[in-house]
Amino acid sequence: MKFRLWSQPSRTILTNNIPHPRHHGQTPFPHPRLRSMSSSSSFVPITISSLTYLHPTSLAKVLLEPGEREKVAIIDVRDSDHIGGNINGSTWVPLNQLDARIPELVRTLKDKDKVVFHCMLSQQRGPTAALRYARAKQRADDKDTRSTQTSSQVAAQTPEEGESNKSHVQEVCVLEGGFESWQSRYGEDSRLTVDYQPDLWD
């Protein structure tokens, strides 16, 4: 390999006939740390349009299916209108308490396949709550991935270990039509609805 001296006003650089990108119109290679930062923080932002709407009949089918019920969490974000009945097994988290309880929800619901949010009509509060939760979970998952999967750990992992360290894929949904739609179908079904007061819905 031949070497030649390449001079600049303030220094002399030894090269091996390979053109330096900075002086030949090429883009210099990014700093390794910058490459790492850009790759670790790349995720698709979640918006209202990203949310899935789940029809009441689809949710009812899941709740009545043996072995499927425990894979789903239902979060009721109604406020003072939390009367007249509830979906069996749902958790009541009024919207004005949601921000304080989101870290708890992200932690305790991490193994659920679906998390379904609803309010009375699922037009504002339900989608808003679902969006806040989904974004918080995405941030938590991204933080966990960056903190646990360092380059040395990934290099030492077997394929099976790498798969086990991936974040659990969870679908965040909004109940279509909210509890209003739910009670019109299943209010009288004690398997699906509890504390139902039909007089309030006449």
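Refer to the structure presented above.
Now for a description of the structure that goes with this document. The model shown is predicted, which means the values in this text are computed figures rather than measured ones. (Residues numbered from 1 in each chain as written. Predicted model: local features only at pLDDT ≥ 70, side-chain atom pairs only at ≥ 80, totals over all residues. Heavy atoms only, no water.)

### Considering the packing of helix 2 (residues 56–64) against helix 7 (residues 178–186)
- Orientation of helix 2 relative to helix 7, taken along the N-to-C sense of each, is 60 degrees, at an axis distance of 10 Å. Regarding helix 2 and helix 7, the two cross each other, and that crossing is right-handed. Facing helix 2, whose interface residues are Pro56, Thr57, Leu59, Ala60 and Leu63, helix 7 presents Ser181, Trp182, Arg185 and Tyr186.
- When grouped by side-chain class, the residues that make up the contact of helix 2 with helix 7 number 6 nonpolar, 2 polar and 1 charged. (Axes fitted to C-alpha atoms, helices over the stretch in contact; angles between N-to-C directions. Helix = DSSP H or I, 4+ residues; strand = E, 2+ residues; numbered from the N terminus. Left-handed = near helix turned anticlockwise from the far one by under 90°. Contact = heavy atoms within 4.5 Å. Nonpolar A, V, L, I, M, F, W, Y, C, P; charged D, E, K, R; others polar.)

### Brief notes about the packing of aromatic side chains
- Under the definition given, this model contains 3 aromatic pairs.
- A centroid spacing of 5.4 Å and a plane angle of 50 degrees characterise the contact between Phe117 and Tyr133, whose relative ring orientation is tilted. Remark: Tyr133 occurs in helix 4 (residues 125–148) and Phe117 occurs in strand 7 (residues 114–118); sequence separation between them is 16 residues.
- You can call Phe117 buried: its relative accessible area is 0%.
- The exposure class of Tyr133 is buried, given its relative accessible area of 0%.
- Here the aromatic rings of Phe179 and Trp201 are separated by 5.6 Å at their centres, their planes lie at 50 degrees, and the arrangement is tilted. Of the two residues, Phe179 is situated in helix 7 and Trp201 in the segment after strand 9 (193–194); the sequence distance between them amounts to 22 residues.
- Across from the ring centre of Phe179, 4.3 Å away, lies the NZ or CZ of Arg78, which sits over that ring. (Phe/Tyr/Trp six-rings, centres within 6.5 Å; stacked < 30°, edge-to-face > 60°. Buried < 20%, exposed > 50% of the residue type's maximum accessible area, 1.4 Å probe, protein only. Lys NZ or Arg CZ within 6 Å of the ring centre and 35° of its normal.)

### A word on the side chain of Lys114
- Within the element layout of this structure, Lys114 appears in strand 7.
- Excluding residues within four positions of it along the chain, Lys114 makes contact with Lys71, Val72, Ala73, Glu171 and Cys173.

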